[in-house]
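Spelled out, the chains give:
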Amino acid sequence: MSLLLVCTVSFGQTAKSVLDKAAATVSNKNGVQADFTMTGGMGNVSGTIAVKGRKFHATTPVATMWFDGKTMWTYMKKNDEVNVTTPNEAQLQKINPYNFINLYKQGYNMTMNKSDKAYTVHLTSQKADRIQELFITVDKKTYQPTQVKMLQGKKWTSFDIRNLKAQTLSDAIFTFSSKDFPTAEVIDLR
């Protein structure tokens, strides 16, 4: 029994170390940018995402989102409107695939599978107010995340991530600028 316990603890530490290295590739102090395809409950959509610390900016054909670490602006192209919110942690978890870099450190149990090219870490929440399950696939050579799959309610949403690159990103790209969308109706929901 003690041998089984040692193997389980060692396995858990390995999963954590893989996520630590993956988080480090995404946590570049100047920022990172990537292309993504999201599939799941809201259909299929592709776009780009820029991340710098807790800030992010995502663009798809349907919407553009800016989050400066406190306030989020969501521009809906179809309606030409911008919704302004102050999202809580649970809401951020659902919309930013890179939020795993903060999630896994506490409140999740971890297991891991390995293939020739990737590690897949399975996270299960210990708390009801968080995303219940995540699968994070990490490239073995680069430690870049290539897929984040989340269970939200009873639906799975997957983010396939490509072309992750370190970039020097200005803080201005994480804030909505009304001059860039002069006809948009701004709805403050805070």
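Residues numbered from 1 in each chain as written. Predicted model: local features only at pLDDT ≥ 70, side-chain atom pairs only at ≥ 80, totals over all residues. Heavy atoms only, no water.

> Any chance you could explain the sheet that holds strand E1 (residues 32–40) here in plain terms?
Strands pair in a sheet through their backbones, by hydrogen bonds, and they do so in one of two ways: parallel or antiparallel. Reading across from one edge, E7-E8-E9-E10-E11-E1-E2-E3-E4-E5-E6-E12 is the order of the twelve strands in this open sheet, with mixed pairing throughout. Looking at strand neighbours, the two that pair on one side only are strand E7 (108–114) and strand E12 (185–188), the edges of this open sheet. Going from strand to strand, the sheet's axes swing by 20 degrees on average, the running direction of each strand aside. In the sheet, strand E6 (residues 81–85) pairs with E12 via four bridges, with the strands oriented parallel. Among the inter-strand pairings, Asn-83 is bridged to a residue of E12, identified as Ile-187. (Pairing = 2+ DSSP bridges. Helix = DSSP H or I, 4+ residues; strand = E, 2+ residues; numbered from the N terminus. Axes fitted to C-alpha atoms, helices over the stretch in contact; angles between N-to-C directions.)

> Explanation requested: the nonpolar core in the structure shown.
Considering soluble globular proteins, one finds that nonpolar side chains tend to be buried as a cluster. In this structure, Leu-19, Phe-56, Phe-100, Val-121, Leu-123 and Leu-134 are the most contacted members of the largest nonpolar core, which totals 39 residues. Examining the composition of this core, we find that six residues originate from one element, helix H1 (residues 2–26), more than from any other. For Leu-134, the contacting residues outside a window of four places in its chain are Leu-103, Tyr-108, Val-121, His-122, Leu-123, Val-148, Lys-149 and Met-150. Membership of the second largest hydrophobic core comes to seven residues, among which are Trp-66, Trp-73, Val-84 and Phe-176. (Core = buried A, V, L, I, M, F, W, Y, C linked by side-chain atoms within 4.5 Å. Buried < 20%, exposed > 50% of the residue type's maximum accessible area, 1.4 Å probe, protein only. Contact = heavy atoms within 4.5 Å.)

> Please explain the environment of Lys-149 as it appears in this structure.
Inspection of the secondary structure puts Lys-149 in strand E10 (residues 145–152). Through-space distance from the C-alpha of Lys-149 to that of Gly-40 is 9.4 Å; in sequence the pair is 109 residues apart.

> Help me understand the confidence of the model for the chain, please; the structure alone is not making it clear to me.
Atomic detail in the predicted coordinates should be set aside for any region of low pLDDT. Of the residues in the chain, 90% reach a pLDDT of 70 or more, and the chain-wide mean stands at 86. The low-confidence segment residues 1–13, where pLDDT is below 50, has two contacts with residues more than four positions distant or belonging to other chains. (pLDDT = per-residue confidence, 0-100.)

> What is the right way to read the pattern of salt bridges from this model?
Close approach of charged atoms lets side chains of opposite charge pair. Applying the stated criterion across every chain yields a total of four salt bridges. The residue Asp-20 makes a salt bridge to Lys-16 at a minimum N-O spacing of 3.0 Å. Of the two residues, Asp-20 and Lys-16 are both situated in helix H1; the distance of four residues between them amounts to about one turn of the helix. In this structure Asp-20 comes out as partly exposed when scored by relative accessible area, which is 30%. Judged by its relative accessible area of 36%, Lys-16 falls in the partly exposed class. Look at the salt bridges and you will find they share partners, linking Lys-52, Lys-55 and Asp-171 into a network. (Salt bridge = Lys/Arg side-chain N within 4 Å of Asp/Glu carboxyl O.)

> Quick question: what am I supposed to make of the packing of aromatic side chains here?
The geometry of an aromatic ring pair is captured by the separation of the ring centres together with the interplanar angle, meaning the angle of the planes. Taken as a whole and assessed by the stated rule, the structure comprises eight aromatic pairs. Between the aromatic rings of Phe-135 and Trp-156, the centroid separation amounts to 5.7 Å while the plane-to-plane angle is 40 degrees, which identifies the pairing as tilted. Of this pair, Phe-135 sits in strand E9 (residues 133–139) while Trp-156 sits in strand E11 (residues 155–166), and the two are 21 residues apart along the sequence. Each member of the aromatic cluster is reached from another via a ring pair, and the members are Trp-66, Tyr-75, Phe-176 and Phe-181. Geometry around Tyr-119 places Lys-140 over its ring, the cationic atom sitting 5.4 Å from the centre. (Phe/Tyr/Trp six-rings, centres within 6.5 Å; stacked < 30°, edge-to-face > 60°. Lys NZ or Arg CZ within 6 Å of the ring centre and 35° of its normal.)

> I tried to follow unusual backbone geometry on my own but got confused; where do I start?
Phi is mostly negative for residues that are not glycine, and the peptide bonds are mostly trans. Phi at Asp-80 is positive, roughly 50 degrees, even though this residue is not glycine. Among the secondary structure elements, Asp-80 is positioned in the loop between strand E5 (72–76) and E6. For Asp-80, a relative accessible area of 21% gives the class partly exposed. The phi dihedral of Asn-163 falls on the positive side, at around 55 degrees, and the residue is not glycine.

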